[in-house]
Every structure is written in structure tokens, then in C-alpha cells.
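If you want the building blocks of each chain, they are given just below.
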Amino acid sequence: MGQFWKEFIRREQISGMIFDVDGTMLDSMPVWDHSGEQYLRTLGIYAPSELGKILFSKTMRQGAEYIKKTYRLINQTEEEIQKGIIKVVEDAYQNQVPLKPYTRAFLDGLRDADIPMVVVTSTDRPLIQAAFSRLGLEPYFTKIFTCSAFGSGKDRPEIFHAASEAMHSAPSSTWVVEDGLYAIRTAKAAGYRVIGVADASSQGDEAQIRALADYFITGFAMEVTGC
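Nothing here was measured: the structure is a model prediction, and the numbers come from that model.

## Quick notes on the packing of helix α1 (residues 4-11) against helix α7 (residues 103-112)
- Close contact between α1 and α7 brings their axes to 9 Å; oriented N to C, the two are set at 20°. One element, α1, and the other, α7, form an angle in the roughly parallel class. Where α1 crosses over α7, the handedness of that crossing is right-handed. Residues Trp5, Phe8 and Ile9 of α1 form the contact with α7, whose own contacting residues are Ala105, Phe106, Gly109 and Leu110.

## Quick notes on helix α3 (residues 35-42)
- Listing the buried residues of α3 in full gives Ser35, Gly36, Glu37, Tyr39 and Leu40.
- One or two residues past the end of α3 sits Gly44, with phi positive at roughly 80°.

## Re α1
- The complete set of buried residues in α1 reads Phe4, Trp5, Glu7 and Phe8. With its buried residues spanning 165° around the axis, α1 presents them on a single face.

## Some thoughts on the sheet that holds strand β6 (residues 193-197)
- A sheet is described by the order of its strands in space; here six strands give the open sequence β4-β3-β2-β5-β6-β7, paired in parallel fashion. Looking at which strands have only one partner, the edges of the open sheet turn out to be β4 (143-146) and β7 (215-217). Strand-to-strand twist of the sheet, defined as the mean angle between neighbouring strand axes without regard to direction, takes the value 20°.
- By the bridge criterion, four bridges tie strand β5 (residues 174-178) to β6 in an arrangement that is parallel. Within β6, the residue paired with Val176 across the bridge is Val194.
- Sitting on the sheet, α1 is in contact with β2 (16-19), β5, β6 and β7, with an inclination near 165° to β7.

## Remarks on the pattern of salt bridges
- Under the counting rule described, the total for this entry stands at 14 salt bridges.
- Note that Glu37 and Arg41 form a salt bridge whose closest N and O atoms lie 3.6 Å from each other. Placement of both Glu37 and Arg41 in helix α3 is noted, with a separation of four residues, approximately one turn of the helix.
- Because the salt bridges share partners, they merge into one network encompassing Glu7, Arg10 and Arg11.

## Focus: a nonpolar patch on the surface
- A cluster of nonpolar residues, Trp32, Met60 and Ile86, forms a patch on the protein surface that exposes about 230 Å² of accessible area.
- Summarising the element assignment, Trp32 is placed in helix α2 (residues 29-33).

## A short note on the packing of aromatic side chains
- For the structure shown, the criterion picks out 14 aromatic pairs.
- A centroid spacing of 6.3 Å and a plane angle of 70° characterise the contact between Trp32 and Tyr93, whose relative ring orientation is edge-to-face. On the criterion of sequence distance, the pair formed by Trp32 in helix α2 and Tyr93 in helix α6 (residues 78-95) is long-range, its members being 61 residues apart.
- Given a relative accessible area of 0%, Tyr93 falls into the buried group.
- Each member of the aromatic cluster is reached from another via a ring pair, and the members are Phe4, Phe8, Phe19, Phe106, Phe132, Phe141, Trp175, Tyr215 and Phe220.

## Side note on the nonpolar core
- Within the largest apolar cluster, 37 residues are counted, with the highest numbers of intra-cluster contacts made by Phe8, Met17, Phe19, Phe106, Phe132, Phe141 and Ile195.
- Among the elements that make up this core, the one with the highest residue count is helix α8 (residues 125-135) (five residues).
- When neighbours within four sequence positions are excluded, Ile195 is seen to be in contact with Phe4, Phe8, Met17, Phe106, Trp175, Val176, Val177, Glu178, Tyr215 and Ile217.
- Core analysis: the next-biggest nonpolar cluster, separate from the first, contains 21 residues, Ala163, Met167, Ile184 and Ala187 among them.

Cut-offs used in this document
- Residues numbered from 1 in each chain as written.
- Predicted model: local features only at pLDDT ≥ 70, side-chain atom pairs only at ≥ 80, totals over all residues.
- Heavy atoms only, no water.
- Axes fitted to C-alpha atoms, helices over the stretch in contact; angles between N-to-C directions.
- Helix = DSSP H or I, 4+ residues; strand = E, 2+ residues; numbered from the N terminus.
- Parallel < 35°, antiparallel > 145°, perpendicular 65-115°, else oblique.
- Left-handed = near helix turned anticlockwise from the far one by under 90°.
- Contact = heavy atoms within 4.5 Å.
- Buried < 20%, exposed > 50% of the residue type's maximum accessible area, 1.4 Å probe, protein only.
- Arc of directions from axis to C-beta.
- Pairing = 2+ DSSP bridges.
- Salt bridge = Lys/Arg side-chain N within 4 Å of Asp/Glu carboxyl O.
- Patch = residues over 30% accessible without salt bridge, like charges linked within 9 Å, V, L, I, M, F, W, Y side chains within 5 Å.
- Areas by Shrake-Rupley, 256 points an atom, 1.4 Å probe, with all protein chains shown as cover.
- Phe/Tyr/Trp six-rings, centres within 6.5 Å; stacked < 30°, edge-to-face > 60°.
- Core = buried A, V, L, I, M, F, W, Y, C linked by side-chain atoms within 4.5 Å.

Right, here's the structure in full:
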């Protein structure tokens, strides 16, 4: 019996690693879930925790429209509301968002094994860089691919191909570490191996993630048997 990250490096053929960030390495999804609620609190308004569920399926602009109308923010424009929510998220990435347990140990193990690593994320670069700088994660990764800068999301394989090419790593021995079902589905269809990571934000998709992923883990230190 041993910890997942140690056994994974020992057992598998790995020529490159592609890491998602939010919900995978960073425990950041609660920030997004409560960003509208936290913004309203800066105005002295206490919204119910269910607000995050209401805003989840909305764009940022739609969310701002909903907040303005529902909470009667006559002195704030929708653009100001959007900027206020983004400021809440930025502050959290700069000062609060933690690493998930044993993430650094896994990254250290991969680096010690000379395995190249890159990031593929849907989150904008300034947020990622703020958190990475605070947590000292930048040296682990040769490149950070953001969907907004690349011009394509994780619902298409191009960004994964660009990431693997940057590492000179064949898809068949490149591993994608993800918590999002749609990204896992894309990566598997394109020939990548996948580690599915449990997160509260993707709990409703867990059965499908388990079925698709080569490994499904509740944490990087999860004990595995048959060692």
C-alpha cells in the first residue's frame, strides 16, 4: 500500500503532465461559488448562500444583471458590479486560495523524475499567476496555456495538443489531471490518459468521471493497494 502520487510515478509510462488548476491543484471553486455573495457583502448586503447556485449557469454579465435587479443596486452599473465581483476573486487568488493537500509533493515527485509539466486552464492568466507566485508554483511548469489566450476551450482537443507538443510528449503517454467532466471527455477522446480528481464542484458528475478516467482520486495522498 502506498500514496497515489508515489505509486503513479513508479508504475506508469509518463512523458508529460497537463494540469488543470481550479478544483484540481487549487481549492478555489468555493471562491467562484460565493463571489457574488462576497461582493454584495462589501456593500453591506447579506445574500443567501444559494446565490452561487443561481449564478452558476449565468455569464458574468447575466449575473451582474441578476444581482442589480434582485438587490436593487440603483447606484451601481452592471459593469461596476462585474468589476466588483472580479475584484473579490482577484483578492482571493492573491491572498487566500490554498493548494489542495499533497499537491506540492506530487509536483516535487514529478520534477525529481524529470517529467515536464504544463498548465491548461480556463481561468485567466492574471489570476493563475497571482496564486502561483504566492504559492511558489511557477518553477514547476514550463508553460501556462489559458483558454482565453489560446482561443479555444477544453471542449476541443487543440489546447491539449498544443500543451503536449510544447513538452514533446506523445498523447498516449501524456497525462491530463482534471476535475471537469467535459475536459476529461475531450482529453480521453483525443487519446490522452487521465487522472480524475474529486472536487465538490463536480460531485454530480462523479460517476461519469470515474467511468472515463484511468484513475479517479479523492486526493493526491489517497492510499492505493496492490503495490
